[in-house]
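Read off the chains here:
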Amino acid sequence: MKIEHLALNVDHPQAISDWYEKNLGLTVVKKMDKAPFMTFLADDSGKVMIELYQNAKASVLDYPNLNPLMLHLAFVSENPDDEKKRLVAAGAELISDDTLDDGTRLLMLRDPWGLAIQFCKRAKPMLK
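Residues numbered from 1 in each chain as written. Predicted model: local features only at pLDDT ≥ 70, side-chain atom pairs only at ≥ 80, totals over all residues. Heavy atoms only, no water.

**Quick notes on the overall build of the protein**
Worth spelling out the cut-off: Secondary structure elements follow DSSP: runs of H or I of four or more residues count as helices, runs of E of two or more count as strands, with numbering from the N terminus. Three exposure classes are used, based on accessible area relative to the maximum for each residue type with a 1.4 Å probe and protein chains only: buried under 20%, partly exposed in between, and exposed over 50%. Contact criterion: two residues are considered in contact whenever any of their non-hydrogen atoms come within 4.5 Å of each other. The Shrake-Rupley method, run with a 1.4 Å probe sphere, supplies the accessible areas, and residue values consider only the shown protein chains as cover.
Helices and strands together make up the secondary structure of the protein, namely 2 helices and 8 strands. Judged by the C-alpha coordinates and their principal axes, the protein covers about 45 × 30 × 25 Å. Evaluated residue by residue, the protein yields a buried proportion of 36% over its 128 residues. Taking the contacts inside the protein whose residues are at least 6 apart along the sequence as the reference set, 48% of them involve residues at least 24 apart. For the protein, the accessible surface area stands at approximately 8,200 Å², while carbon and sulfur atoms represent 54% of it.

**A look at the sheet that holds strand β1 (residues 5-9)**
Note the cut-off: If DSSP finds at least two bridges between two strands, the strands pair. Interaxial angle, 0 to 180 degrees, is taken between N-to-C directions of lines fitted to C-alpha atoms, where a helix line uses only the stretch in contact.
Pairing within the open sheet is mixed, and its 4 strands lie in the order β1-β4-β3-β2. Both outer strands of the open sheet, β1 and β2 (27-31), are each paired with one neighbouring strand and no more. Neighbour-to-neighbour, the strand axes of this sheet turn through a mean angle of 25°, independent of strand direction. Pairing analysis gives 5 bridges linking β1 to strand β4 (residues 49-53), with the strands arranged parallel. When the bridges of β4 are listed, L8 appears paired with L52. The strands touched by helix α1 (residues 13-24) within the sheet are β2, β3 (39-42) and β4, with β4 carrying the most contacts at an inclination of about 150°.

In structure tokens, the structure reads:
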């Protein structure tokens, strides 16, 4: 099986999409301009997508109060220090900045809407 996308029901899908496009380099695969505002964003591999939407049939999680260990969206990062400075300046909030025993660097932030986003510089990459 191959993962196509991870879907997130959020309060402001259009604003979040704009921020992710501008600050995380995700690209629009499909975007609806009316409710439920389904938006599919792909990473730079073009093989993984996230879907953002606002569907009243389901509750929106309280992302700002969820422990990041319960849910976070993780990205590969070659330079976590640059990511931290750039994203905090763009409205993200720093949650933690850890270096594991093997040298892996894990940077956890929250986007401006409270969703936890992680940036990983693995000592040994886990995916090719």
